[in-house]
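The primary structure of each chain is shown beneath.
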Amino acid sequence: MSRKPLINIAAMLALAASSGPGAFAAENAALIDILQQKGVLSKTEADSVRAELTKGTEPASNIKLNTAISELKLYGDLRLRYQYDSKDAQLLRDQGGGANVSQQSRWRFRLRLNADFKLAESVFGGIELQTSQAADSGMQTYENGFNDYSIFISKAFVGWKPNAWLTVTGGKLGNPFYSTELTWDPDINPTGVAEVIAFHKLGAESNEAAAGYSKDGKETKAVAAAEKPWELSLVAGQFIYDDNRESGGPDSDLSTDAYLFETQLIASYKFGGTKVTFAPAWFTYINGSLSDLDNANPFVDPVAGLGGTRNLNLLLAPGDISFKVAGLKTKIYWDFSYNLEGRKRVEDIYGLANVVGAPQHESIDDFAYMVGVQFGENKKAGDWAFYANWRQTGLGAVDPNVNDSDYAQAELNTRGVKVGAVYNLSDFANLGVSYGYAWNLRDTLYGGQTTGGTAIADSNEIQVFQVDLNVKF
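Predicted model, so just to flag it, every value in this text is computed and none were measured.

Helices and strands together make up the secondary structure of the protein chain, namely four helices and 21 strands. In the protein chain, which comprises 473 residues, the share counted as buried stands at 41%. The contacts in the protein chain between residues at least 6 apart in sequence include a share of 65% that link residues at least 24 apart. As displayed, the protein chain offers around 24,800 Å² of accessible surface, 58% of which is attributable to carbon and sulfur atoms.

Structural data, given as structure tokens:
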């Protein structure tokens, strides 16, 4: 076919585009395919017609990107929240008991703006801006006579993915671990380096046949490697927790930078409509002084030189089982933490060993666990989900600076429940409600940093009620 007939065909098809670009993309593309199938157009001629149609049809843009950027994705979300919480403090023995309740009712919001980019086939990165400087929450309270609010950098990372099975990321990045609220607040983005080795993807490139043409010139389709029923990944993170001046002697926590390390093996297996995931991990620190934390309930050095990260050497075991019940996605999940140095953590950091007549360490202080269930999921308009969990957190079982601040306000020595439901108003907006109730695990604790100082275990009971409207854009 000559070029002139091709132009005539393109012109006729272009007339149909007057009904809108969406109709052009759907109807005219289908028409070209039919002409090709009936032999009116060869593949080469059909491609030429498509090229003629696309000339000058792309809208002009005033946005100019650096030539190094091959892909850019912009997105964000806004959360509007009503929150009520109350706390009944655990009074010292010599005060004779009695109620000491504090209550707070707040209207709050969180804004996050994200930009993900790709610089080359194997190099990527991202930036996130967020309200609030606190690591464990982006929420800000409406107050102070209509004051404006600050924006902070909550993510700034770059990564390298040279193949299907290896990813290395550095900077302030999203949490790379499989975790629950028991040990990691989902709002926290750690700073440092993380590596992921996906063993189930080893050799994936060599097992996939790329699209192309056979020796006789016929088009061939890409052939994906057979999907494995199992997945196995090794995840490691080396995170900078707090920076300290190198003075005061080599053995002083005041002169040692605090680092957090976690190494995790994530294994999952599918059979039928069920998927089981188990992710044991080792979570530990380099002892160092902590200061100037903005968390909801920060735990910093109770005594000068006695590191807030001291004696946290945790074995973690989160996991879940996912399946369907009457077509409804269902998940049973759990988590477990055991501190190998629980006695030292309780006696040294919380100072109980130095308080005359103070209660001593008990084995219940060393471990924490959670077990819960979720029904449903939230992907599109009309979807709903319900969840409920029970958890117990010993005095020395987790780091109170990185566990969930929305449950019991991150306090330790607690046990209780959290329930919630989420309904999708649209594909991009949902409405959620949650309630958490916790009470003390050991009601005889006092002194040191439990009911004094940072008061990290100073409550008889804690309630938190939240209503959220979440909008994605």
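With respect to the helices and strands, Tyr84 occurs in strand S1 (residues 71-89). Remark: the alpha-carbon pair of Tyr84 and Gln466, spanning 382 residues in sequence, is separated by 6.5 Å. Excluding its chain neighbours within four sequence positions, the residues that come into contact with Tyr84 are Gln103, Gln104, Ser105, Gln463, Val464 and Phe465.

What follows covers the layout of surface pockets. Taken as a whole, the second largest pocket encloses approximately 670 Å³ of empty space. Lining the second largest pocket are 27 residues, with Gln133, Ala135, Lys172, Tyr241 and Asn295 positioned closest to its centre. Elements with a minimum of two residues in the lining of the second largest pocket: strand S5 (151-160) and strand S10 (230-242). If one sorts the elements of the lining of the second largest pocket by residue count, S10 sits on top with four residues. Here the lining of the second largest pocket is composed, by residue class, of 13 nonpolar, nine polar and five charged.

Let us look at empty space enclosed by the protein. Once rolled over the atoms, a probe with the size of a water molecule shows which space is left empty. Per the counting criterion, the structure on display carries two cavities of 30 Å³ or more. Taken as a whole, the largest cavity holds about 60 Å³ of empty space. Contributing to the lining of the largest cavity are Glu181, Leu182, Arg391, Thr393, Asn403, Asp404, Tyr407, Ala410 and Glu411. Of the residues contributing to the lining of the largest cavity, the split by class is three nonpolar, two polar and four charged. Taken as a whole, the second largest cavity encloses approximately 40 Å³ of empty space. Every residue lining the second largest cavity is listed: Arg79, Arg81, Arg110, Ser137, Gly138, Met139, Asp187 and Asp406. For the lining of the second largest cavity, the residue count by class is one nonpolar, two polar and five charged.

Turning our eyes to something else, we now look at the packing of aromatic side chains. Under the counting rule described, the total for this entry stands at 13 aromatic pairs. Each ring, one from Tyr82 and one from Trp107, has its centre 4.9 Å from the other, and the planes form 55°; the classification is tilted. Of this pair, Tyr82 sits in strand S1 while Trp107 sits in strand S2 (residues 101-118), placing them 25 residues apart in sequence. Note on Phe177 and Phe239: the rings are 6.2 Å apart at their centroids and 85° apart in plane angle, and the pair reads as edge-to-face. Of this pair, Phe177 sits in the loop between strand S6 (166-172) and strand S7 (191-198) while Phe239 sits in strand S10, and the two are 62 residues apart along the sequence.

This part covers the environment of Asn403. Within the secondary structure layout, Asn403 lies in the loop between strand S18 (384-393) and strand S19 (414-424). Sequence separation between Asn403 and Asp136 is 267 residues; the distance between their C-alpha atoms is 8.3 Å. For Asn403, the contacting residues outside a window of four places in its chain are Glu181, Leu182, Thr183, Trp184, Asp185, Val398, Ala410 and Leu412.

We now examine the pattern of salt bridges. A pair can form between side chains of opposite charge whenever their charged atoms are brought close. Under the definition given, this model contains 20 salt bridges. Taking the shortest distance from any N to any O, the salt bridge between Asp77 and Arg110 comes out at 3.2 Å. With a gap of 33 residues between them, Asp77 in strand S1 and Arg110 in strand S2 connect regions that are remote in the sequence. A single burial state applies to Asp77 and to Arg110, both of which are buried. Where salt bridges share partners, they join Asp77, Arg110, Arg112 and Asp187 into one cluster.

All right, on to unusual backbone geometry then. Residue Phe146 is not a glycine yet carries a positive backbone phi of 70°. If you check the backbone angles, Asn311 has positive phi at about 60° while not being a glycine. Examined against the element boundaries, Asn311 turns out to sit in the loop between strand S13 (281-286) and strand S14 (313-316).

Attention now moves to the pairing of S6. Summarising the sheet, S5 and S6 pair through five bridges and their orientation is antiparallel. Paired with Val158 across the strands is Gly170, a residue of S6. Once S5 ends, the chain turns through five residues before running back antiparallel as S6. Note: S6 against S7, seven bridges, orientation antiparallel. Pairing of Gly170 across the sheet is with Val193, part of S7.

Procedures and definitions
- Residues numbered from 1 in each chain as written.
- Predicted model: local features only at pLDDT ≥ 70, side-chain atom pairs only at ≥ 80, totals over all residues.
- Heavy atoms only, no water.
- Helix = DSSP H or I, 4+ residues; strand = E, 2+ residues; numbered from the N terminus.
- Buried < 20%, exposed > 50% of the residue type's maximum accessible area, 1.4 Å probe, protein only.
- Contact = heavy atoms within 4.5 Å.
- Areas by Shrake-Rupley, 256 points an atom, 1.4 Å probe, with all protein chains shown as cover.
- 1 Å grid on protein atoms, 1.4 Å probe; cavity = no way out; pocket = protein on both sides within 12 Å on 5 of 7 lines; lining within 4 Å.
- Points joined across faces, edges and corners; volume = space filled by probe spheres on them.
- Nonpolar A, V, L, I, M, F, W, Y, C, P; charged D, E, K, R; others polar.
- Phe/Tyr/Trp six-rings, centres within 6.5 Å; stacked < 30°, edge-to-face > 60°.
- Salt bridge = Lys/Arg side-chain N within 4 Å of Asp/Glu carboxyl O.
- Pairing = 2+ DSSP bridges.

Coordinates in, geometry out; function isn't part of it.
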